[in-house]
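Coordinates in review
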Amino acid sequence: REYREQSPIRLLQRECRDKTPIRLLQSGYRDKTPTRLFQRKYRDKTPIRLLQMEYRDKTPTRLFQMEYRDKTPTRLFQMEYREPPGQGWGRTQQLPPRRFVSYRPKSKRNPKTFPVLDGRVPSVYQHVFGENLRNSEAVKKGGGENAILRHTQRNKKLFVQERLRLLLDHEDFLELSPLAGLDMPYGDVPAAGCLTGIGRICGVWCVFIASDATVKGGTIYPIGVKKQLRAQEIAMENRLLSVHLVDSGGAFLPLQSELFPDKLHGGRIFYNEAIMSAMGIPQVALVCGSCVAGGAYVPTMAEESVIIDKIGTLFLAGPPLVKAATGEDVSPEDLGGARLHSQVSGCSDHFAASEDEAYECIRNVVSTLNWEPVPEGDREPDSPLYSPEELLGLAPLNYSCTLPVKLILSRLVDGSRFQEFKAAYGTTLVTGFGHVEGHFVQLCGQRGIPILFLQNTAPQPAGPASISQAEAHSNRLKAQASMMAAVACAAVPKITIVIGGCFGSDSYVMCGRSFSPNFLFLWPNARVALVDSQHFPTVPPAGDCTGEELELKQLKAKLEEESSAFYSSSRLWDDGIIQPQDTRKVIAQCLEIMEQKKFQAVFSHPHPIIRM
């Protein structure tokens, strides 16, 4: 058995069995016999075959299929959202799952049967309500009023807020991180040097990055770089059109080591411009002042740019440096004015004789970008049954002055209706379903619906004092790890608002900054820290302190200062401080901003647009 298949005779048989004269003749002529030739020639001409071919597309079933095959719900959905030729599904990998599913509910899915929350403040909490109200009235006076009073007009230029008013459809503008740089060590004015925010042009939500030339001539400081990068991140994440109003003196040279060499320094702004262009996210720029050095690249890399005559200039080095380098006297207009860049260099696409004409031109450009606004809702949302103004008394001074969070929810959700989820389980966390100006919000990413996090946590004890406490700590650790994983991987929009305390790991499980919420805002009373300074041991008066006690007292004072909402917001750890009574409006704006990308056609390209 082992060798019979390898004998010379068997090997010869296997090798030559298909090469005998008879097999060769059969293989050469088997398809050429008269019978086979006749079959091939006439097989499609028999009466039955001819009848089949003539009427196969005319049967009732086939006619019905052909008439309605492009009208099925699935086919209509595919035709509406399919990408242009050559643009495969791989091009959309930047977008989150279910990107074509609108978060805005239809009327029939927006029931008014949810239980109504009781938002009345119990008498036992009235003293706490009063303390919180007095605290809110005190802290809301902070901010950048002094910087705003420093407004000046130079060279007949408009102030940055006036420019935005001329551009926007109305004053419904969500400013981002307005306090950035407020207490940074760059003088007595905010050092961001730019204003960022989100507003509407022609009904389309846009991100605005506007230089503020009244702050050090629009010079870019490290915090200003961070502020612009955050605005670009929001634009990419939500596919928002970007509008740059450039009036900048470039980087602040004494701080070049903090804003030039690293990965997330100034050069990242230009990198992001190229990436956004390749993603098919339009960017337009208006040169409304002097754009020097790095400030000159922003309008040059934009998709379309406008420059204002006698006001806008664009050059890498201005007349003083030309004079120092070559000894030549040259005017700003001759070196990089509006006519030069519109007629000679081509760096600008549109010449505007005045600021008013420039803003009208920008609005016209936006209208040609084929960028669809969010459709109007088909119903008017119900207002909460309780006044949002009362949220000032519900903003906790500290965790000992905290009121039930349902009192806050009753002033945020439509009709004060809230369908609670697991009401009797884990009562330190309230979860459930509600609407905010017609949008459905839940704490579960499985259904593809946005998640709203309201953070107000009390600090946990430093360590276990018994075996049972140690077991509780271990269980808490495992539960937090599971929730962190769920929050991090939930592929839906997330909005986080810190309404009270935000301490330690509770910040992570409730989608703090490191877990990349789409938007994160603070109430003025919010405290953000690894630990709460009020949780420290009592320190004796200064005269009775030992060395360690004095060090502990200094640390406590430092934590108290650094945990305030204003300290956080001035360093751009959030997207700004909002007044409690404006919370519902801000949430609704954010939901609509995130909703807009569902209505955009996705055109990704391997390269950005280069206009030169």
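Remember, predicted model here, so these are calculated numbers, not experimental data.

Next up on the list: the overall build of the chain. Counting its regular elements, the chain contains 23 helices and 17 strands. A fraction of 74% describes how many contacts in the chain between residues 6 or more apart in sequence connect residues 24 or more apart. Per element, the accessible surface of the chain, about 33200 Å² overall, is 56% carbon and sulfur.

What follows covers unusual backbone geometry. Here Arg 239, not a glycine, exhibits a phi torsion of approximately 50°, which is positive. On the secondary structure map, Arg 239 appears in the loop between helix H10 (222-238) and strand E4 (241-246). According to the relative accessible area criterion, Arg 239 is buried, its value standing at 2%.

All right, on to the nonpolar core then. Membership of the largest hydrophobic core comes to 43 residues, with the highest contact counts inside it found for Ile 198 and Ile 497. Among the elements that make up this core, the one with the highest residue count is helix H23 (residues 583-595) (7 residues). When residues of this core are assigned to domains, at least three fall in each of domain 1 (131-369) and domain 2 (388-600). The next biggest cluster of nonpolar side chains, apart from the first, holds 29 residues, and it includes Leu 167, Leu 286, Val 306 and Tyr 359.

Helix-helix packing is characterised by the crossing angle of the two axes and by the distance between the axes. The interhelical angle for the contact between H10 and helix H12 (residues 267-278), taken along N-to-C directions, is 15°, at an axis separation of 10 Å. Comparing their axes, H12 and H10 come out roughly parallel. Remark: the crossing between H10 and H12 carries left-handed chirality. Side by side, H10 and H12 meet where Gln 228, Leu 229, Gln 232, Ala 235 and Met 236 of the first sit next to Arg 268, Ile 269, Asn 272, Glu 273, Ile 275 and Met 276 of the second.

Right, let's get into the packing of aromatic side chains. In this description, an aromatic ring pair is defined by two values, namely the gap between the centres and the angle between the planes. Scanning the entire structure with this criterion turns up 6 aromatic pairs. An angle of 25° between the planes, with centres 4.6 Å apart, marks the rings of Tyr 221 and Phe 252 as stacked. Of this pair, Tyr 221 sits in the loop between strand E3 (204-211) and H10 while Phe 252 sits in the loop between E4 and helix H11 (256-259), and the two are 31 residues apart along the sequence. Classification of Tyr 221 as buried rests on a relative accessible area of 2%. Plain terms: the ring middles of Tyr 508 and Phe 515 are 6.1 Å apart, the flat faces sit at 20° to each other, and that makes the pair stacked. For Phe 515, a relative accessible area of 18% corresponds to the buried category. Positioned over the ring face of Tyr 425 is Lys 422, at 5.2 Å from the centre of the ring. Note that Arg 571 overlies the ring of Tyr 567, its terminal NZ or CZ placed 3.6 Å from the centroid.

Before going further, it helps to spend a moment on the side chain of Ser 507. Topologically, Ser 507 is positioned in helix H20 (residues 505-509). The contacts of Ser 507, once residues within four sequence positions are left out, are Gln 455, Cys 502 and Gly 512.

Here we take up the sheet that holds strand E13 (residues 451-455). Overall, parallel pairing links the 3 strands, which are arranged E13-E14-E16 in an open sheet. One side of each edge strand has no neighbouring strand; the edge strands of this open sheet are E13 and strand E16 (519-522). When strand polarity is set aside, the average angle formed by the axes of neighbouring strands in this sheet is 15°. For strand E14 (residues 494-498) and E16, the ladder comprises 4 bridges, and the chain directions are parallel. Pairing of Val 498 across the sheet is with Leu 522, part of E16.

Read from one edge of the open sheet, 7 strands run E1-E2-E3-E4-E5-E7-E9, paired in mixed fashion. This sheet does not close on itself; its edge strands, each paired only once, are strand E1 (174-176) and strand E9 (350-352). Averaged over all pairs of adjacent strands, the angle between their axes in this sheet comes to 20°, without regard to strand direction. On the sheet, helix H9 (residues 160-167) packs against strand E2 (194-201), E3 and E4 and is oriented at approximately 15° with respect to E2.

Tracing the chain through its elements places Thr 496 in strand E14. Among the residues examined, Thr 496 registers a relative accessible area of 0% and is labelled buried. For the pair Thr 496 and Leu 520, spaced 24 residues apart in sequence, the C-alpha separation works out to 4.7 Å. If sequence neighbours within four positions are ignored, Thr 496 has contacts with Phe 453, Gln 455, Met 510, Cys 511, Pro 517, Phe 519, Leu 520 and Phe 521.

So, on to the confidence of the model for the chain. When pLDDT is averaged along the chain, the result is 78, and 80% of the positions lie at 70 or above. Per-residue pLDDT stays below 50 along residues 81-103; that stretch engages in 43 contacts with residues further than four places along the chain or on separate chains. Confidence drops under a pLDDT of 50 for residues 140-154, and excluding neighbours within four residues, the segment shows 13 contacts in the predicted structure.

Of note, Glu 304 is situated in strand E7 (residues 304-308). Residue classification places Glu 304 among the partly exposed positions, given a relative accessible area of 23%. Along the backbone, Glu 304 and Val 365 are 61 residues apart, and their C-alpha atoms lie at a distance of 7.8 Å. Within polar-contact distance, the side chain of Glu 304 engages the side chain of His 350 at 2.7 Å.

In this section: H12. Look at H12: 17 Å from first C-alpha to last across 12 residues, which is about the 16 Å you get at 1.5 Å a residue. Contacts made by the buried residues of H12 are with H10, E4, strand E5 (283-287) and helix H13 (297-301). Within two residues after H12, Gly 280 carries a phi angle of roughly 85°, on the positive side.

Scanning the entire structure with this criterion turns up 20 salt bridges. Here Glu 162 makes a salt bridge to Arg 165, at a shortest N to O gap of 2.6 Å. Of this pair, Glu 162 and Arg 165 both sit in helix H9, separated by 3 residues, roughly a single helical turn. Note on Glu 162: relative accessible area 34%, which makes it partly exposed. One salt bridge connects Lys 558 with Glu 562, and the closest N-O pair in it is separated by 2.6 Å. Here the residue Lys 558 and the residue Glu 562 both occupy positions in helix H21 (residues 547-562), the gap between them amounting to 4 residues, near one helical turn. According to the relative accessible area criterion, Lys 558 is partly exposed, its value standing at 43%.

Counting buried positions along E2 yields 8 of 8 residues, so the element is predominantly enclosed. Every second residue of E2 is oriented toward a common face, with Cys 194, Thr 196, Ile 198 and Arg 200 on one face and Leu 195, Gly 197, Gly 199 and Ile 201 on the other, all of them buried. One ladder, built from 3 bridges, connects E1 with E2; its direction is antiparallel. Bridge pairing in E2 places Leu 176 opposite Thr 196. Pairing geometry for E2 and E3, over 8 bridges, is antiparallel. Within E3, the residue paired with Ile 201 across the bridge is Val 204.

About the thresholds
- Residues numbered from 1 in each chain as written.
- Predicted model: local features only at pLDDT ≥ 70, side-chain atom pairs only at ≥ 80, totals over all residues.
- Heavy atoms only, no water.
- Helix = DSSP H or I, 4+ residues; strand = E, 2+ residues; numbered from the N terminus.
- Contact = heavy atoms within 4.5 Å.
- Areas by Shrake-Rupley, 256 points an atom, 1.4 Å probe, with all protein chains shown as cover.
- Buried < 20%, exposed > 50% of the residue type's maximum accessible area, 1.4 Å probe, protein only.
- Core = buried A, V, L, I, M, F, W, Y, C linked by side-chain atoms within 4.5 Å.
- Domains from an automatic or database assignment.
- Axes fitted to C-alpha atoms, helices over the stretch in contact; angles between N-to-C directions.
- Parallel < 35°, antiparallel > 145°, perpendicular 65-115°, else oblique.
- Left-handed = near helix turned anticlockwise from the far one by under 90°.
- Phe/Tyr/Trp six-rings, centres within 6.5 Å; stacked < 30°, edge-to-face > 60°.
- Lys NZ or Arg CZ within 6 Å of the ring centre and 35° of its normal.
- Pairing = 2+ DSSP bridges.
- pLDDT = per-residue confidence, 0-100.
- Polar contact = N/O pair within 3.5 Å; in protein donor to acceptor, adjacent residues only side chain to side chain.
- Expected span 1.5 Å × (residues − 1).
- Salt bridge = Lys/Arg side-chain N within 4 Å of Asp/Glu carboxyl O.

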